[in-house]
Amino acid sequence: MAYETIKVETRDRVAIVTLNRPDALNALNSTVMTELIDATEGFDRDAGIGAIVITGSEKAFAAGADIKEMQSLTFVDNYLGDFIGGWDAIARTRKPKIAAVSGYALGGGCELAMLCDFIIASDTAKFGQPEITLGVIPGMGGTQRLARAVGKAKAMDLCLTGRMMDAEEAERSGLVARVVPAAELLDVAIKAAQKIASLPLPAVMMAKETVDRAFESTLSEGLRFERRVFHSLFATEDQKEGMAAFAEKRKPVFKNR
Ligand code: CAA
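These numbers come from a predicted model, not from an experiment. (Residues numbered from 1 in each chain as written. Predicted model: local features only at pLDDT ≥ 70, side-chain atom pairs only at ≥ 80, totals over all residues. Heavy atoms only, no water.)

**Overview of the side chain of Glu169**
Defined as follows: Each helix corresponds to a stretch of at least 4 residues labelled H or I by DSSP, and each strand to a stretch of at least 2 residues labelled E; elements are numbered beginning at the N terminus. What qualifies as a polar contact is a pair of N or O atoms within 3.5 Å, subject to a donor-acceptor requirement within protein and to the restriction that residues adjacent in sequence count only when both atoms come from side chains. The contact rule is simple, with two residues in contact once any of their heavy atoms fall within 4.5 Å.
Looking at the secondary structure, you find Glu169 in helix α8 (residues 167-172). In terms of polar contacts, Glu169 uses its side chain to reach the side chain of Arg163, at 2.7 Å. Contact partners of Glu169, with chain neighbours within four places excluded, come to Lys154 and Arg163.

Right under this line is the structure:
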């Protein structure tokens, strides 16, 4: 599929997907959604890819859902067409996704970053859920994932006032894993993705699934799930190789088996 609104490239088992609607600050219209789903699902299926980086431009990761596209929609249009429901497909992809965020990550942009597994931000990043200023609320997970990431007080503050928070506040409040200088953002994100992609894929995917489980289960269910996954990884060749290599003081050669 030839893409109009995103660019894709691969480097050493890492896929880099760059939002590319500069005239609209990467606003997320239905073409972006379709193309991003196609690209991420394709990389998810590709055995040659171990992790995915999603990024935007220096000025904007994404300034939200496309307001001009959605302004005339009605409730029935939204309901029958499951408007923006497709974004769930990106969250469901099983390989790790890192959001590399510079500039604005607002509304659906902040939500897209949050549906990745973690966020690396440049020191220029600005996060917010300004939907309330348009007479709506977040619709791609903003109230739910933000509250889980930063807690009720700050999620309420952001969703009710529509204010933006800078990278430093976002890191302090747990939304962002690391903040780096803008010029280094993509390199740092790609290096982190390459590190992940160099590790045993079954363990990586199960670690991701298990951390995700923490947000969808009780502590005792989550702990039981974690123990079962931990036990099951001893059925992989990579566990034998990883531990043998440690004992023999050599580098492991993982086969993703
Ligand atoms: N949708 C459509 N177009 C957008 C857009 C959006 N979310 N954000 C920016 N653009 C467009 C602008 O209309 C403008 O286009 P024109 O040049 O054709 O007029 C272009 O991008 C540049 O934007 P600005 O001139 O506004 O740039 P700025 O630097 O002055 O301001 C900004 C930047 C503060 C991010 C401002 O553009 C802004 O407030 N954007 C909207 C942010 C927003 O409200 N996002 C939430 C959307 S709703 C949502 O996401 C719902 C959901 O949960 C799914």
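**Details of the packing of helix α6 (residues 142-150) against helix α7 (residues 152-161)**
Here is the rule we go by: Angles shown run from 0 to 180 degrees and are taken between the N-to-C directions of axes, each axis being a line fitted to C-alpha atoms and, for helices, limited to the stretch in contact. Angles are sorted into four bins: roughly parallel if under 35 degrees, roughly antiparallel if over 145, roughly perpendicular if 65 to 115, and oblique for all others. A clockwise turn of the near helix away from the far one marks a right-handed crossing, whereas an anticlockwise turn of less than a right angle marks a left-handed crossing. Gly is placed with the polar residues, together with every amino acid not listed as nonpolar (Ala, Val, Leu, Ile, Met, Phe, Trp, Tyr, Cys and Pro) or charged (Asp, Glu, Lys and Arg).
Contact pair α6 / α7: the axes reach a minimum separation of 7 Å and the direction vectors enclose 140°. Classified by the angle their axes make, α6 and α7 are oblique. As α6 packs across α7, the resulting crossing turns out to be right-handed. Residue-level inspection shows Thr143, Leu146, Ala147 and Val150 of α6 in contact with α7, the latter providing Lys152, Lys154, Ala155, Leu158 and Cys159. Each residue belonging to the contact of α6 with α7 can be placed in one class, and the counts come to 6 nonpolar, 1 polar and 2 charged.

**Observations regarding the pattern of salt bridges**
Worth spelling out the cut-off: Here, a salt bridge means any side-chain nitrogen of Lys or Arg that lies within 4 Å of a carboxyl oxygen of Asp or Glu. Burial status follows relative accessibility: with a 1.4 Å probe on protein chains alone, a residue under 20% of its type maximum counts as buried, one over 50% as exposed, and anything between as partly exposed.
By the definition in use, this model includes 11 salt bridges. Its salt-bridge partner being Arg163, residue Glu169 comes within 2.7 Å of it at the nearest N-O pair. On the basis of relative accessible area, Glu169 is assigned to the buried category, the value being 11%. Given a relative accessible area of 27%, Arg163 falls into the partly exposed group. Through salt bridges with shared partners, a single network forms among Lys154, Asp157, Arg163 and Glu169.

**Focus on unusual backbone geometry**
At Arg13, a position not held by glycine, the phi torsion is positive, near 70°. Note that Arg13 resides in the loop between β1 (6-11) and β2 (14-19). Classification of Arg13 by relative accessible area gives partly exposed; the value is 26%. A positive phi is found at Asn256, a non-glycine position, where the angle reads about 55°. Here Asn256 shows up in the segment after α12 (237-247). When its relative accessible area of 26% is taken as the criterion, Asn256 is described as partly exposed.

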